[in-house]
Amino acid sequence: MVIANLSLLVAFTAITAGAILIQHPLMLSENLKPLKAYRCPLSDEKAAQALKAWVENQEAINQLDHFAVDIWSNEQYQVGRDFDFATSADGEFQPPQGCRILIDSTELSALISMEKLAFREMVAPDDADWFKNYHSFDDMTASIKSWISGCPLASMSSIGQSHEGRDINVVRFSSETGSAAKNVIWISGGIHAREFISSHVASYIIRSIADMCNSGNELVTEFLQHYEFAIAFHINPDGYEFARTQRRMWRKNRRANRDRSFGVDLNRNFDVFWGNGGSSRSPWSDTYMGPSAASEPEVAAIQKFLTGLIQEGRNVTVGVDLHSYGQLIMRPYGYTMDDHPDEEYNKQLGDSIRDAIASHQDGSRYKSQKSAGLYPVTGGFDDYMTEKINAIGFTWELRDTGRYGFILPAQYIEPTCEEVWLGVKAMMRFLLDNPKN
Ligand code: 0X9
Ligand code: ZN
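Definitions and limits used
- Residues numbered from 1 in each chain as written.
- Chains lettered and ligands numbered in written order.
- Predicted model: local features only at pLDDT ≥ 70, side-chain atom pairs only at ≥ 80, totals over all residues.
- Heavy atoms only, no water.
- Phe/Tyr/Trp six-rings, centres within 6.5 Å; stacked < 30°, edge-to-face > 60°.
- Helix = DSSP H or I, 4+ residues; strand = E, 2+ residues; numbered from the N terminus.
- Buried < 20%, exposed > 50% of the residue type's maximum accessible area, 1.4 Å probe, protein only.
- Pairing = 2+ DSSP bridges.
- Axes fitted to C-alpha atoms, helices over the stretch in contact; angles between N-to-C directions.
- Contact = heavy atoms within 4.5 Å.
- Polar contact = N/O pair within 3.5 Å; in protein donor to acceptor, adjacent residues only side chain to side chain.
- Donors = N, O, S within 2.8 Å, 3.2 Å for Na, K, Ca; no water.
- Core = buried A, V, L, I, M, F, W, Y, C linked by side-chain atoms within 4.5 Å.
- Near = heavy atom within 4 Å.
- Areas by Shrake-Rupley, 256 points an atom, 1.4 Å probe, with all protein chains shown as cover.
- Nonpolar A, V, L, I, M, F, W, Y, C, P; charged D, E, K, R; others polar.

(A) Here's a closer look at the packing of aromatic side chains. Under the counting rule described, the total for this entry stands at 27 aromatic pairs. With 5.5 Å between their ring centres and 70° between their planes, Trp72 and Phe406 make a pair best called edge-to-face. With Trp72 in the loop between strand 4 (69–71) and strand 5 (82–87) and Phe406 in the loop between strand 14 (392–398) and helix 11 (413–433), this residue pair connects regions lying 334 residues apart in the sequence. Each of the two residues, Trp72 as well as Phe406, counts as buried. Members of the aromatic cluster, connected to one another through ring pairs, are Tyr38, Trp54, Tyr77, Phe83 and Phe85.

Encoded structure:
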């Protein structure tokens, strides 16, 4: 889970030789400073309000001083939920009442160090250990090219570039015959930089479908008679590379904002009810909506690609946007708890994905729910899919539920990929058995 990065508000001003430098202490050494994570159960309204007041006060302190608080949960303080945050503050720091340490600083630093070691650029694309490691954007892109190279149904193309000029790549699997020429399933990973597992799961899905070209797979073969896959494995590559090499908890893209802050939350920038709640106008916020709807090149590229499909007469049936963490299969809507007209169908599909994930031998328990049930947002990719593309816009929050949070140790990459692949297969089966049109 999310969200707002109050640490970004920790700007301090130094006056050096007449020049004013605004710096964020974490920019200098975030990965060197010990971080620890806390969990605060919001057992009743009083506890929720007390925590909200504490965070708001902390925000004020952050602007003046040095306690960096990085919120991992959302800022809606719902009773019955947990509120998770990390801080690099030292011994003087007093957590709010009722909060307990979720991951202590020794463990969190060890996890980050171990994760750095798990980035193996030298693992060959066909190595059985590929999914036991994390990978840079370039390494992942090269590996995917290699996996699909022998598969005539597959192609990879760039639909646009990020702020820093990296490609937003889409891998398409299409038999281009019959109704497959009409229906498209979209899957994306990496929209939030620090959610490393999401792009790896997207890569696993690509590899599993590509494997069909070598070994054959009845379900995939049948599915591709009726549907095309379009899989964008890394839609925020700049953010990912920044999180990977400089600030592990980075969430947004890397737009240079006017006020010297950086980044827009791409999952608040889509042209759907943009700026109408659940996002921030402050460029320092981790949920900054951006200067205008679809202002970000990454978002504009995706919207152009998807609307282009519609103009070609294609039908985008399902859009899945992969995130972490929380283990949730979330269906429309994301901005309101109102039922979608196809709520029954969407719920059945979501529930079947949840059940398939749990059926894996190490399968995790996911919850199937509406996206707005987590918290309502506007400008989200899921609602863009639902409202503007007429697809079922899903958000899947992958492992875990907070034990490791965003820093999911590398040994869990493979089981997470495997269980989610079972979910994707259940989705294929469901769509074949219950065609929408
Ligand atoms: O806040 C988000 O963008 C998603 N959670 S995350 O922790 N991965 O950042 C949840 C988005 C759910 N979608 C909507 N409520 N529309
Ligand atoms: Zn996310």
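(B) Broad picture of the sheet that holds strand 14. Read across the sheet, eight strands follow the order 7-8-10-9-11-14-12-13 without closing on themselves; strand pairing throughout is mixed. Looking at strand neighbours, the two that pair on one side only are strand 7 (154–161) and strand 13 (367–370), the edges of this open sheet. With strand direction ignored, the average angle separating the axes of adjacent strands in the sheet is 20°. Here strand 9 (residues 183–188) runs beside strand 11 (residues 315–324); their pairing, made up of six bridges, is parallel. If you follow Asn183 over to strand 11, its bridge partner there is Asn315. On the sheet, helix 10 (residues 381–388) packs against strand 9, strand 11 and strand 14 and is oriented at approximately 160° with respect to strand 14.

(C) Structural context of the side chain of Ser261. Inspection of the secondary structure puts Ser261 in the loop between helix 7 (237–245) and helix 8 (297–311). Exposure remark for Ser261: the relative accessible area of 3% places this residue in the buried category. Here Pro283 takes part through its backbone oxygen, which lies 3.4 Å from a polar atom of the side chain of Ser261. Among all residues touching Ser261, those that are not within four sequence positions of it are Arg255, Ala256, Pro283 and Trp284.

(D) A look at the coordination of the zinc ion (ligand 2). The protein atoms that coordinate the zinc ion (ligand 2) are His192 (ND1), Glu195 (OE), Glu195 (OE) and His323 (ND1), at distances of 2.0 to 2.3 Å. Within one chain, the residues serving as donors to the zinc ion (ligand 2) are arranged as H-x2-E-x127-H. Neither residue differs from the other here; His192 and Glu195 are each classed as buried.

(E) Quick look at the nonpolar core. Judged by nonpolar contacts, the single largest core of 65 residues is most densely connected at Phe173, Phe229 and Trp396. If we skip the residues at most four places from it in the chain, Trp396 touches Val320, Asp321, Leu322, His323, Leu328, Ile329, Met330, Ile353, Val420, Gly423, Val424 and Met427. Of all hydrophobic cores here, the second largest spans 25 residues; its members include Val184, Ala230, Phe270 and Ile302.

(F) Structural detail: the sheet that holds strand 4. One open sheet accounts for four strands, arranged 4-5-3-6; its pairing is antiparallel. Edge positions in the sheet fall to strand 4 and strand 6 (100–103), since each of these pairs with one other strand and no more. Each strand of the sheet is rotated relative to its neighbour by a mean of 35°, with strand direction disregarded. Two elements, strand 3 (residues 36–41) and strand 6, share three bridges in a ladder whose sense is antiparallel. In the strand pairing of strand 6, Arg39 is matched with Arg100. Running at roughly 20° to strand 6, helix 3 (residues 105–117) makes contact with strand 3 and strand 6 of the sheet.

(G) Quick look at the site of ligand 1. Arg251, Asn267, Tyr375, Asp382 and Glu397 are the nearest of the 18 residues found near ligand 1. One of the side-chain nitrogen or oxygen atoms of Arg268 is found 2.8 Å away from an oxygen atom of ligand 1. At 3.4 Å from a nitrogen atom of ligand 1 is found a main-chain nitrogen or oxygen belonging to Ser324. Taking 420 Å² as the accessible area of ligand 1 by itself, protein coverage stands at 100%. Taken together, the residues of the shell around ligand 1 sort by class into seven nonpolar, six polar and five charged.

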